Amino acid sequence: MHNLPYISEVIEPHKVEQIIDYIDNSDKIVITTHISPDGDAIGSSLALYHFIKNRGKNVMIIVPNSFPYFLKWMDGANNIEIFEYNPSAGAKILSNADLIFSLDYNILKRAGEMSTVLETSKATKIMIDHHPFPGEDFDIIVSKPHISSTSELIFRFIYQAGEYSEMTKAEAESIYCGMMTDTGGFTYNSADPEIYEIISMILRKDIDKDAIYSKVFNNYSEERFRLLGFTLSQRMEVYHDKHAALLYLSNEDQSQFRYSKGDTEGFVNYPLSIKGIIFSTFIREEEGMVKISFRSQKSFRCNEFASEFFNGGGHVNASGGEFQGSLEEALKIYSEGLEKYKERLIMAVNED
């Protein structure tokens, strides 16, 4: 590792050793992630998948439901099993495993329909995640909320295991994709200088970062852009007195534009470009529930808003939640919450 940047040991060394021992002494290894997998979930899972596979082990990835089309270019993505397509087969995979990784989620219920099987599985369970307030249903917990992404944690795990020199291009591409998407192209949760030291090391694996960006962010359908235009013109509310903005979409709205998984990715970020807006919320009907995304700027803690009103959480400036009810009910709760948090928003916007 001559002339490589210094990377601090964020993960406890004894945990790195334990995880390597479990990998090397397990026969059936399964990697899982949260419902509605995003770039970090898929990127971290594929990076760990390649790392384990290259050690000669039997490993599979199984995710609760489908993931966006603009993530399917990554090496190994076509081998990912989708639990909702065949729950009985998925349950058998999880039940027969002797080692299960839980990546990018901190409590089992975040795995959706898979959570019941995970709870009853006799496998050793290892959680690697960067969201606050981890659960305790795991044998090894690697929880680092101050780290940008789970993909960054996977890089750090491989590096601390002394395996950076063996890292493949497929691993590096997956890690970069996860880090890039979970920081909005390194525009939030990405102030730590070591993030860029890590990127420099990933670039040494001959990845094309510009091509990765293009595959993710310049690979959308025409329908997505028409849906975006509709959302911004017809489904956006701006609350200038509260320095907040809201986007929302019903199932009917989405069906007009032949919605596909991932088409609304990044919508929540657009209102933050409006002068004076520091809190953006996107509320959308999805698969029998309402999904909510939050983004904020300055010191406003959108994760506290998510936790208080929508059973959610996440990072200070990027969080999510969900609601078991109607879109109309969710919008009402949001409105009440916004009024309650008005003073905090005003304080945050005037902090300079």
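This write-up is about the structure you can find in this document.

This part is about the pattern of salt bridges. Applying the stated criterion to the full structure yields 18 salt bridges. The salt bridge involving Arg156 is made with Glu152; its shortest N-O contact spans 2.9 Å. Of the two residues, Arg156 and Glu152 are both situated in helix α5 (residues 150-160); the distance of 4 residues between them amounts to about one turn of the helix. In terms of burial, Arg156 and Glu152 fall into one category: buried. One connected set of salt bridges, linked through shared partners, spans Asp241, Lys242, Glu339 and Lys342.

Here we take up the packing of aromatic side chains. Enumeration over the complete set of coordinates arrives at 23 aromatic pairs. Aromatic pair Phe267 and Phe282: ring centres 5.9 Å apart, planes at 40°, arrangement tilted. Here the residue Phe267 occupies a position in the loop between α10 (251-255) and β9 (279-286), and Phe282 occupies one in strand β9, the gap between them amounting to 15 residues. Ring geometry for Phe279 against Phe294: centres 6.0 Å apart, planes inclined by 10°, an arrangement best described as stacked. Residue Phe279 is located in strand β9, and its partner Phe294 is located in strand β10 (residues 289-296); the two are separated by 15 residues in the primary sequence. Each member of the pair Phe279 and Phe294 is classed as buried. In textbook terms, an aromatic cluster arises when at least three aromatic residues are bridged by ring pairs, as seen for Tyr239, Phe279, Phe294, Phe300, Phe305, Phe309, Phe310, Phe323, Tyr334 and Tyr341. Positioned above the aromatic ring of Phe225, the side-chain terminus of Arg224 is 5.8 Å from the ring centre. Arg344 extends its terminal NZ or CZ atom over the ring of Tyr341, reaching a point 4.1 Å from the ring centre.

Moving on: unusual backbone geometry. In the Ramachandran plot, Phe133 falls in the positive-phi region, its phi being about 65° despite a non-glycine side chain. Despite not being glycine, His243 shows a phi value in the positive range, around 55°. Looking at the element boundaries, His243 is found in the loop between β7 (236-239) and β8 (244-249).

The subject of this paragraph is the sheet that holds strand β11 (residues 313-314). Note on sheets: strands pair through backbone hydrogen bonds, and any given pair is parallel or antiparallel. Taken in spatial order, the 6 strands make up an open sheet running β7-β8-β9-β10-β12-β11, and their pairing is mixed. Two strands in the sheet have a free side with no partner beyond their single neighbour: β7 and β11. By the bridge criterion, 8 bridges tie β9 to β10 in an arrangement that is antiparallel. Considered in β10, the bridge of Ile283 is made with Ile292. Here helix α11 (residues 302-310) sits on the sheet and contacts β9, β10, β11 and β12 (318-323); the angle it forms with β12, its principal contact strand, is near 10°.

Rules used in this analysis
Residues numbered from 1 in each chain as written. Predicted model: local features only at pLDDT ≥ 70, side-chain atom pairs only at ≥ 80, totals over all residues. Heavy atoms only, no water. Salt bridge = Lys/Arg side-chain N within 4 Å of Asp/Glu carboxyl O. Helix = DSSP H or I, 4+ residues; strand = E, 2+ residues; numbered from the N terminus. Buried < 20%, exposed > 50% of the residue type's maximum accessible area, 1.4 Å probe, protein only. Phe/Tyr/Trp six-rings, centres within 6.5 Å; stacked < 30°, edge-to-face > 60°. Lys NZ or Arg CZ within 6 Å of the ring centre and 35° of its normal. Pairing = 2+ DSSP bridges. Contact = heavy atoms within 4.5 Å. Axes fitted to C-alpha atoms, helices over the stretch in contact; angles between N-to-C directions.

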